[in-house]
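Overview (structure and organization)
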Amino acid sequence: MATNGTDKGEFSFASSGSTGRNGLPRIHTHKKSQDEICHDDSGPPVKAQTIDELHSLQKKKSAPTTPIKGTQGTFAAISDEERQKQQLQSISASLASLTRETGPKLVKGDPARQSETPRASHVTHHQYAPTLSISDSGLKFTHILYNLSPAELYEQAIKYEKGSFITSSGALATLSGAKTGRAPRDKRVVKDDTTADELWWGKGSPNIEMDEHTFLVNRERAVDYLCSLEKVFVNDQFLNWDPNHRIKVRIVSARAYHSLFMHNMCIRPTPEELEEFGTPDFTIYNAGQFPCNRYTHYMTSSTSIDLNLARREMVILGTQYAGEMKKGLFSVMHYLMPKRQILSLHSGCNMGKEGDVALFFGLSGTGKTTLSTDHNRYLIGDDEHCWSEKGVSNIEGGCYAKCIDLSREKEPDIWNAIKFGTVLENVVFDEHTRELDYSDKSVTENTRAAYPIEYIPNAKIPCVGPHPKNVILLACDAFGVLPPVSKLSLAQTMYHFISGYTALVAGTEDGIKEPQATFSACFGAAFIMLHPTKYAAMLSEKMRKHEATGWLVNTGWSGGRYGSGSRIKLAYTRKIIDAIHSGTLLKANYTKTEVFGLEIPTEIEGVPSEILDPVNTWSDKKAYKDTLLKLGGLFRKNFEVFTNYKIGTEGKLTDEIVAAGPIF
Ligand SMILES: Nc1ncnc2c1ncn2[C@@H]1O[C@H](COP(=O)(O)OP(=O)(O)OP(=O)(O)O)[C@@H](O)[C@H]1O
Ligand SMILES: O=C([O-])CC(=O)C(=O)O
Ligand SMILES: [Ca+2]
Ligand SMILES: [Mn+2]
């Protein structure tokens, strides 16, 4: 390309001379005749004398949270100052050492700010110093970063946390450290007189016991670590969109990443609600990377996630994986809600224009988030719900989507939700352009995006809905023998709900691997606290009462097992789900499969009929039968432990449920 071209319309530099015939017009600097001083009078003057003043103009003070209510009332509303003090008192009480019996000295705000504007500190910083203390730790102040906004949390993360970057999407990329998934073997629950009777213990149970004393040792360790920091993050938020069963949670953490994650995942209080927050119902102490002490009784690794239901507290030591907080609170809900006759569910949930609600159960990676996020339906939530006398409610205020191989065309709503405010965990990006690469598994395959639910355009806010019409059980069957969809009887629904089957492929690196069958009771054995039959009895009672239909949908393999077949196209699964929602599938013609005795439709609009019965898709019919029998055997073996339990009051259902399993 010519830089000095003479053709008309072509960009060129003036070569020489004062006017450059084909070049840019010459810049004239008007010399103001006699004036010695150069005045910059290009705009109105700035209203500041110093740079500090200029900066103070840039940020205006946030509007007072609530207009003072009823000034005529008998009690004047407390002053802002007083409210801030009460807040810090409450947080100091949360962070109090149980041996010193006094909370730490707290000051609100970013420690880095103080030096910037020292004179303003008495205005913007609220201090709370409880009582005189004689230890060094008692002399020190801990800064509290309380319910910061996403923008503030971005700044904290980028400034102080390695591995935090703004990506070209606007989302904040973070690293969760050594742990990129949950650590179920390090999750412990305090066994006391009450929980010994109430909870599910022993074989198959996720509740690994610990005693109260050991809990307190770990709690003290976390609290001392957090108070030793210059600053900690505190989130006061809610769980459960059902206003009658809302739970107030406080999360104390060391990282902006954790604070932003929970800001997105829990329900965000309005400023008015925050003023009236008071004492939390449940508190998490997340010490993140700070490990537990291996010399402490019960500890088997440097990680421990400890739940104490009596104290309404959870302690996290030695893992920064944020999903631990989300799912830890879910466990708490699995305890609290059934006590109130409310069923807690590891399911996604959405609603059609006619108010028809569907639940999507399934283990990790089976499609709860993908399939509940549906452009034609209202999203109630993607992962954790309650089913009460009144209907369904989401427990959370956000979604937690898998990002591996995310594509704009297949999952447009999730793709578009990855923007400013969203936390991306362990996703790889280009170091220069900051473009995300969702196909890259360098850090982990479990890459995730956490975003507020309102980032999905058709989210139903408030996230509540009427009683479900369809209950869809998702299984990603890497054996490739379960049909893409089957209609279930109530007994079959219960059988598959209690079984909680999925099959994943262990490793994909060195060639073909055996699919690994996983059975996880209630599609969430890692989070339930009571015996699975308790939840199953509630589900069956509710489904019967509200006449919900159960479905089993295989989002896994077709045409052979992993290695020879392939995963069912998401487009087909979506068509199947559409037919369930619309009611057309309920009216279809059905045939029954051998072994599992599943009712399968002969036709679904938009889905090739030959794939509906998996036997058609296998070229080796003997291999199909062998694999089918193998899976049937795995189901049967898994169910053995449940055959001795009575479900419901009469126990009649138990026999029906056992009979609804595979027969061969
Ligand atoms: N036919 C299919 N149906 C559903 N999902 C599919 C299908 N084929 C591929 N997928 C992919 O499988 C994954 C399903 O993951 P999803 O996030 O929905 O899991 P989840 O059930 O919400 O798990 P978790 O409880 O861990 O959040 C997505 O990455 C999706 O793109
Ligand atoms: O909790 C997590 O890390 C992911 C999740 O949703 C699940 O496993 O069900
Ligand atoms: Ca999910
Ligand atoms: Mn989940």
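The text that follows walks through the structure, step by step, so that each part is easy to find. Computed from a predicted structure; not experimentally measured.

Parameters and conventions
Residues numbered from 1 in each chain as written. Chains lettered and ligands numbered in written order. Predicted model: local features only at pLDDT ≥ 70, side-chain atom pairs only at ≥ 80, totals over all residues. Heavy atoms only, no water. Pairing = 2+ DSSP bridges. Helix = DSSP H or I, 4+ residues; strand = E, 2+ residues; numbered from the N terminus. Contact = heavy atoms within 4.5 Å. Axes fitted to C-alpha atoms, helices over the stretch in contact; angles between N-to-C directions. Donors = N, O, S within 2.8 Å, 3.2 Å for Na, K, Ca; no water. Buried < 20%, exposed > 50% of the residue type's maximum accessible area, 1.4 Å probe, protein only. Near = heavy atom within 4 Å. Polar contact = N/O pair within 3.5 Å; in protein donor to acceptor, adjacent residues only side chain to side chain. Areas by Shrake-Rupley, 256 points an atom, 1.4 Å probe, with all protein chains shown as cover. Arc of directions from axis to C-beta. Core = buried A, V, L, I, M, F, W, Y, C linked by side-chain atoms within 4.5 Å. Right-handed = clockwise from strand over helix to strand, strands pointing away.

**Here we look at the sheet that holds strand β20 (residues 423–425)**
Within the open sheet, the 5 strands sit side by side as β4-β5-β20-β23-β19. Their pairing is mixed. The open sheet has two free edges, formed respectively by β4 (165–166) and β19 (398–402), since each of these has just one partner strand. Sheet topology note: the β20/strand β23 (residues 448–452) ladder contains 3 bridges and is antiparallel. Its bridge partner lying in β23, Glu-425 is registered against Arg-448. Against the sheet, helix α9 (residues 256–265) touches β5 (172–174), β19, β20 and β23, its axis set at about 115° to β20.

**Here we look at the coordination of the manganese ion (ligand 4)**
Looking at the manganese ion (ligand 4), the protein donor atoms are Lys-327 (NZ), His-346 (NE2), Asp-383 (OD) and Asp-383 (OD), and they sit 2.2 to 2.8 Å from it. In this structure the calcium ion (ligand 3) is found 4.7 Å away from the manganese ion (ligand 4). Here the residue Lys-327 occupies a position in helix α11 (residues 323–339), and His-346 occupies one in the loop between β13 (343–345) and β14 (347–351), the gap between them amounting to 19 residues. Grouping residues by exposure puts Lys-327 and His-346 together as buried.

**Description of the site of ligand 1**
In the vicinity of ligand 1 there are 20 residues, among which Ser-364, Lys-368, Thr-369, Glu-411 and Arg-448 approach most closely. At a separation of 2.9 Å, an oxygen atom of ligand 1 approaches a polar backbone atom of Gly-365. Taking Asp-383, its side chain carries an N or O atom lying 3.2 Å from an oxygen atom of ligand 1. When isolated, ligand 1 has an accessible area of 650 Å², and the protein chains bury 90% of it. Ranked by the residues each element gives to the shell around ligand 1, the list is headed by helix α12 (residues 368–372), at 3 residues.

**Focus on the site of ligand 2**
Every residue close to ligand 2 is listed here: Arg-182, Tyr-321, Lys-327, His-346, Ser-364, Asp-383, Tyr-400, Arg-448 and Phe-527. Contact between ligand 2 and Arg-182: an oxygen atom at 2.6 Å from a side-chain N or O atom of the residue. At 2.6 Å from an oxygen atom of ligand 2 is found a side-chain nitrogen or oxygen belonging to Lys-327. Coverage of ligand 2 by the protein chains reaches 93% of its 260 Å² of free accessible surface.

**Some details on the pairing of strand β27 (residues 501–505)**
A large share of β27 lies buried, amounting to 4 of its 5 residues. With 5 bridges connecting them, β27 and strand β28 (residues 515–519) associate as antiparallel partners. Note on β28: the bridge partner recorded for Ala-503 is Ala-517.

**Topic: helix α19 (residues 652–659)**
Those residues of α19 lying buried are Leu-653, Thr-654 and Ile-657. For α19, the buried positions fall inside an angular range of 105° around the axis, keeping them on one side. Turned more than 90 degrees off the buried face of α19, the exposed positions are Lys-652 and Asp-655. Where the residues of α19 are buried, they touch α14 (490–499), α15 (532–545) and α18 (621–639).

**So, the environment of Ser-407**
By the secondary structure assignment, Ser-407 is in the loop between β19 and α13 (412–417). Along the sequence, Ser-407 and Phe-642 sit 235 residues apart, while their C-alpha atoms lie 41 Å from each other. Residues in contact with Ser-407, not counting those within four places in the same chain, are Pro-412 and Trp-415.

**Some words on the nonpolar core**
Inside soluble globular proteins, nonpolar side chains tend to come together where they are buried. Judged by nonpolar contacts, the single largest core of 155 residues is most densely connected at Leu-95, Ile-144, Ile-418, Tyr-451 and Phe-497. With 8 residues, α11 is the largest single contributor of residues to this core. Not counting chain neighbours up to four residues away, the residues in contact with Phe-497 comprise Phe-361, Leu-473, Ala-521, Cys-522, Phe-523, Tyr-535, Ala-536 and Leu-539. Membership of the second largest hydrophobic core comes to 19 residues, among which are Leu-371, Ile-576, Leu-585 and Ile-611.

**Here's the deal with the pairing of strand β6 (residues 187–190)**
Side-chain alternation along β6 places Lys-187 and Val-189 on one buried face and Arg-188 and Val-190 on a second face that is also buried. Sheet topology places β6 next to strand β11 (residues 304–308); 3 bridges connect them, and they run parallel. Bridged to Val-189 within β11 is Leu-307. Note: β6 against strand β7 (residues 208–210), 3 bridges, orientation parallel. Bridge pairing in β7 places Val-190 opposite Met-210. In this fold, the crossover linking β6 to β7 by way of helix α7 (residues 193–198) has right-handed handedness.

**A word on the side chain of His-258**
For His-258, the position within the fold is in helix α9. In terms of polar contacts, His-258 uses its side chain to reach the side chain of Asn-286, at 3.5 Å. Setting aside residues no more than four positions away along its own chain, His-258 makes contact with Ser-253, Asn-286, Gln-320, Ala-322 and Met-325.

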